[in-house]
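# Observations on the three-dimensional arrangement
Below are the chains, spelled out letter by letter.
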Amino acid sequence: MGAPEIIPATAADRGRLGGLLSDAFAEDPLVLWTCRKDAKRDEGRLALYTAGFDEYLIRGIAQTTPEKTVCALWAPPGAAHLGLRGVLSYLPVVSRYGGPLRVPYLTAVQLRLERHHPREPHYYLYVLGVAPEAQGQGLGSAMLEHMHARIDAEGMPAYLETSTPRNLPLYERHGYRVREEVVLGRGAPPTWLMWREPRPSAGA
């Protein structure tokens, strides 16, 4: 089986890929901690990931495959930080995601995560999700390798956050190292902040 074809995502993929990311992160520890627990949980999670897709389609790099079984959203150097205004613009989505009563708390959590975000220029992997039925087929690794070829050619580092312990070996195999482990609130799972230094390009 050859490497999958990786293509830019488009606005037409919004519904499909927003749903894919929502499904892929349904059991993510940080999502389970932050997302509302009532009957609107799935709807709230879908709203969050669809909004993230919309945002990165405009100001970042959105990638998928022709089969739409994987999606990666990246921010290029200088575009990763939302800032206070950006965080506040997400309040309606946060309300749907966590429930109206938790908006102030979840906003504080997001600002706390923003404060930990590196300031030096880098590529930021906002999210990488594989459809549940396609997991274990190497699609996540293929997406990382595809983007890392570009990043390494530019001599740029990369950064990501994960709260899923089983993801740590995957990212470590691709050159990421834990820079810091943080707990974003009472009862929250640990979140690992990971940094990757650029690797020399082939033939360099």
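Data block above holds the structure.
Predicted model only: the values in this text are computed from it and were never measured. (Residues numbered from 1 in each chain as written. Predicted model: local features only at pLDDT ≥ 70, side-chain atom pairs only at ≥ 80, totals over all residues. Heavy atoms only, no water.)

### Some thoughts on the overall build of the protein chain
For clarity, the cut-off: Only DSSP runs of H or I with at least four residues qualify as helices, and only runs of E with at least two residues qualify as strands; both kinds are numbered from the N terminus onward. Each radius of gyration reported is based on C-alpha atoms, and the globular scaling rule is 2.2 Å times the count of residues to the power 0.38. The buried label applies to any residue whose accessible area, calculated with a 1.4 Å probe on protein chains only, is under 20% of its type's maximum; exposed applies above 50%, and partly exposed to all values in between. Should any heavy atoms of two residues lie within 4.5 Å, those residues are counted as being in contact. Note that accessible areas follow from Shrake-Rupley with a 1.4 Å probe, and for residues the cover is restricted to the protein chains shown.
A count of helices and strands for the protein chain gives 8 helices and 7 strands. In terms of overall dimensions, the protein chain is globule-like: its C-alpha atoms have a radius of gyration of 16 Å, near the 17 Å expected for 204 residues. Projected onto its principal axes, the C-alpha coordinates of the protein chain cover approximately 55 × 35 × 30 Å. Across the 204 residues in the protein chain, those meeting the buried criterion constitute 52%. Relative to all contacts within the protein chain whose residues are 6 or more apart in sequence, the contacts with residues 24 or more apart total 74%. For the protein chain, the exposed surface amounts to about 10200 Å²; the carbon and sulfur share of it is 56%.

### Describing the pairing of strand β3 (residues 70-75)
Note the following rule: Between any two strands, pairing holds if DSSP finds at least two bridges.
The element β3 is extensively covered by neighbouring structure, given that 6 of its 6 residues are classed as buried. Here β3 shows no split at all, with Val70, Ala72 and Trp74 on one side and Cys71, Leu73 and Ala75 on the other all buried. As defined by bridge partners, strand β2 (residues 61-64) adjoins β3 across 4 bridges and the pair is classed as antiparallel. From the neighbouring strand, Gln63 faces β3, where its bridge partner is Ala72. Turn length for the β2-β3 hairpin, with the two strands adjacent in sequence and antiparallel, is 5 residues, and the turn residue Lys68 shows positive phi of about 60 degrees. Strand direction decides the pairing type here: β3 and strand β4 (residues 123-130), joined by 6 bridges, are antiparallel. Note on β4: the bridge partner recorded for Ala72 is Leu128.

### Considering helix α6 (residues 103-116)
Heads up, the rule is: Each helix should span, by expectation, one fewer than its residue count multiplied by 1.5 Å. The directions from the helix axis to the C-beta atoms form the arc being described.
Between the first and last C-alpha of α6 there are 20 Å, a value that for 14 residues agrees with the 20 Å anticipated at 1.5 Å per step. Residues Val103, Leu106, Thr107, Val109, Leu113 and Glu114 constitute the buried set of α6. Buried residues of α6, viewed axially, fall in a sector of 155 degrees; they line one side. Seen from the open side of α6, the exposed residues pointing more than 90 degrees away from its buried face are Pro104 and Arg115.

### Some remarks on the environment of Asp13
Tracing the chain through its elements places Asp13 in the loop between β1 (7-8) and α1 (14-24). The buried category is assigned to Asp13, whose relative accessible area is 10%. Non-local contacts of Asp13, meaning those with residues more than four positions away in its chain, are made with Gly18, Phe53, Thr64 and Lys68.

### So, the sheet that holds β4
What counts here: All axes here are fitted lines through C-alpha atoms, helices being fitted over the stretch that makes contact, and every angle between N-to-C directions spans 0 to 180 degrees.
If you walk across this open sheet you meet the 7 strands as β1-β2-β3-β4-β5-β7-β6, and the pairing is mixed. Across the chains shown, the open sheet's two edge strands, defined by having one partner strand only, are β1 and β6 (176-183). Taken strand by strand, helix α3 (residues 41-59) contacts β2, β3 and β4, and its axis lies near 55 degrees from that of β3. Across the sheet, helix α7 (residues 139-154) touches β2, β3, β4, β5 (158-162), β6 and β7 (190-196), and the angle it forms with β4 is around 165 degrees.

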